[in-house]
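The primary structure of each chain is shown beneath.
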Amino acid sequence: ELALKSLGSEGLFLFSSLDTNNDLYLSPEEFKPIAEKLTGVAPISEFEEEEVPDPSGETLSVVAKFQPLVMETMTKSKDGFLGISHVALSGLRNWTAPAAPMSVMLARQFKAFLPPKNKLDLGDPWWIIPSELNIFTGYLSNNRFYPPPPKGKEIIIHKLLSMFHPRPFVKTRFAPQGAVACIQAISTFYYTIAFRIHAEFQLNEPPDFPFWFSPGQFTGHIILSKDSSHVREFKLFVPNNRSLNVDMEWLYGASESSNMEVDIGYLPQMELESTGPSIPSVIHDENGNVIDSRDPSGEPIQFVFEEITWQQEIPWEEAAQKLEVAMYPFKKVSYLPFTQAFERAKAEKKLVHSILLWGALDDHKPLSASLPVPGSGRTLRETVLESSPILALLNESFISSWSLVKELEELQSNRENEFYSKLADLHLEKYNFPVEMIICLPNGTVIHHINANYFLDITSMKPEDVESSIFSFSTNFEDPSTATYLQFLKEGLQRAKPYLQT
């Protein structure tokens, strides 16, 4: 109360965002973001000081390509952003170009991408930055403006993402956090490493309230020597193959419990790419003498690199799938694109288990995670969809798929394929915000469905309070969510019997 009286609500909000341990005192470390902002000087962190650059090491030039979010793809744009202050979106609207269009980095810094000694098999994932969050630990505070200083392997990820925007958070507020990688190809001296990173950006600064910008994922690959002295190729990007690929959240008040606005949108381009292989910063002749990096005519010396012969490799799609399953164990079941799922179900005479969402199921934090019922999509994927009994039944008896409402609305209005349009129509008829789980026949007929909010409500009730026999609890499982979802799937199979037997 005294702090509120001294600082006012907005002042206390800013103070709280810096007071990370909530002891009502700011340590020098906690005050550092403000000091750096006021002085314009950012000291080198102790972790960066540990690594003494090799003056003769190679350097890699990396360029950033960025096209800003298409504002018209935001749901709020449909009513002209009615009721949303211009200030709230200022950080988003002003972000039109990368913070650093080009950066030169030491090749050795990319050693963070090298595999540990026990992960040298193709497609065997490891964590570059481990996830520290799960369904039990909850999530990190929304009330923050400045990222904590990166440590260890976080430093190179932070440095790369800072090319887009000065305030990247390499550890997201919601699970799964972190960065995961696997070997895609092996040669005598080189690896191709595929990676996936979950990170987000804070677009606003005081006195404005926080605005979180969370791309679904960053993915890419790096080809580097096994001793990390040379990087042949590097690329990192946000996939843009779905109609929505960014989640946004912004606060409207000076506390953690303040109203939060949420939306989704489409980002056409956000990528980093090396301009070529890393090159020596200092060149020596055969006698060890330093020579000029330009030839007598003043042109830069051209380097010739040996061709890499890969002895073992797996396709990019396979590597990406391994990373996805590492991040999301529920993906041990294949989730096919919507129309493909129905074709497969018809061929295999199985039912379609479909999840229809407003925001994505396999991006780092689906939009539904911020809605009044906490984390409908996130709760589903981190509990029931990951449980062994559900995985087993889905693999045995169903073809699974998940779709965005926006994608099915586009399919519904596309009259070139009447069958696909009808499939989308039957799904959308049953949809209720934010997530609908649907079981249907290969012809699209819906035989069972349940809304995620209702599902979470009944699984939080005591067994004796649940009246419906359809979603009765089983004594075989301690977790009522797993038992109830299992019952939902079995009920769907039961209802489908007359159709599947014909």
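Residues numbered from 1 in each chain as written. Predicted model: local features only at pLDDT ≥ 70, side-chain atom pairs only at ≥ 80, totals over all residues. Heavy atoms only, no water.

- The name given to the protein in an unreviewed UniProt entry is SELN protein, and the organism recorded there is Pedionomus torquatus.

### Topic: the overall build of the protein
Piece 1. Per the secondary structure count, the protein includes 13 helices and 22 strands.
Piece 2. Residue burial in the protein is summarised as follows: out of 502 residues, 50% are buried.
Piece 3. Sequence separation of 24 or more characterises 71% of the internal contacts of the protein that already satisfy a separation of 6 or more.
Piece 4. For the protein, the accessible surface area stands at approximately 24100 Å², while carbon and sulfur atoms represent 52% of it. (Helix = DSSP H or I, 4+ residues; strand = E, 2+ residues; numbered from the N terminus. Buried < 20%, exposed > 50% of the residue type's maximum accessible area, 1.4 Å probe, protein only. Contact = heavy atoms within 4.5 Å. Areas by Shrake-Rupley, 256 points an atom, 1.4 Å probe, with all protein chains shown as cover.)

### What to know about the sheet that holds strand β21 (residues 435–440)
Piece 1. Spatial strand order, β18-β20-β19-β21-β22: 5 strands in an open sheet with mixed pairing. Among the strands making up the open sheet, the edge pair consists of β18 (335–336) and β22 (446–451).
Piece 2. By the bridge criterion, 6 bridges tie strand β19 (residues 351–357) to β21 in an arrangement that is antiparallel. Residue pairing for β21: H353 is matched across the bridge by I439.
Piece 3. Helix α10 (residues 405–413) contacts β19 and β20 (398–404) of the sheet and is inclined by roughly 95° relative to β20.
Piece 4. Taken strand by strand, helix α11 (residues 418–430) contacts β19, β21 and β22, and its axis lies near 130° from that of β21. (Pairing = 2+ DSSP bridges. Axes fitted to C-alpha atoms, helices over the stretch in contact; angles between N-to-C directions.)

### Let's talk about the sheet that holds strand β12 (residues 260–265)
Piece 1. Spatial ordering of the open sheet is given by β4-β7-β8-β11-β12, a layout of 5 strands whose pairing is antiparallel. Here the strands that pair on one side only, and so sit at the sheet edges, are β4 (168–169) and β12.
Piece 2. Taken together, the 2 bridges between β4 and strand β7 (residues 200–202) define a ladder with antiparallel strand orientation. Residue pairing in the sheet places F169 in a bridge with E200 of β7.

### Re the nonpolar core
Piece 1. Within the largest apolar cluster, 61 residues are counted, with the highest numbers of intra-cluster contacts made by I355, L380, M437, Y485 and L489.
Piece 2. The two domains that each donate at least three residues to this core are domain 2 (58–279 + 302–325) and domain 3 (328–501).
Piece 3. Formed by 55 residues, the second largest nonpolar core is a distinct cluster that contains L60, M71, I193 and I197. (Core = buried A, V, L, I, M, F, W, Y, C linked by side-chain atoms within 4.5 Å. Domains from an automatic or database assignment.)

### Remarks on the pairing of β22
Piece 1. The element β22 is largely enclosed, with a buried count of 5 among its 6 residues.
Piece 2. Sheet topology places β21 next to β22; 5 bridges connect them, and they run antiparallel. Along β22, the bridge assignment pairs M437 with I450.
Piece 3. Here β21 hands over to β22 after 5 residues, with G444 in that stretch at a positive phi of 100°.

### Brief notes about the packing of aromatic side chains
Piece 1. According to the stated counting rule, one finds 21 aromatic pairs in the structure shown.
Piece 2. Look at F330 and Y335: their rings are 5.4 Å apart centre to centre, the planes differ by 80°, and that puts the pair in the edge-to-face class. Residue F330 shares its accessibility class with Y335, and that shared class is buried.
Piece 3. A network of ring pairs unites the aromatic residues F66, W95, F164, F201, F213 and F218 as a single cluster.
Piece 4. The ring of F81 has R93 lying over it, and the distance from NZ or CZ to the ring centre is 5.2 Å. (Phe/Tyr/Trp six-rings, centres within 6.5 Å; stacked < 30°, edge-to-face > 60°. Lys NZ or Arg CZ within 6 Å of the ring centre and 35° of its normal.)

### Notes on helix α5 (residues 154–161)
Piece 1. For α5, a buried count of 7 out of 8 residues is recorded, marking the element as mostly surrounded by other parts of the structure.
Piece 2. Considered for burial, the residues of α5 that qualify are E154, I155, I156, I157, H158, L160 and L161.

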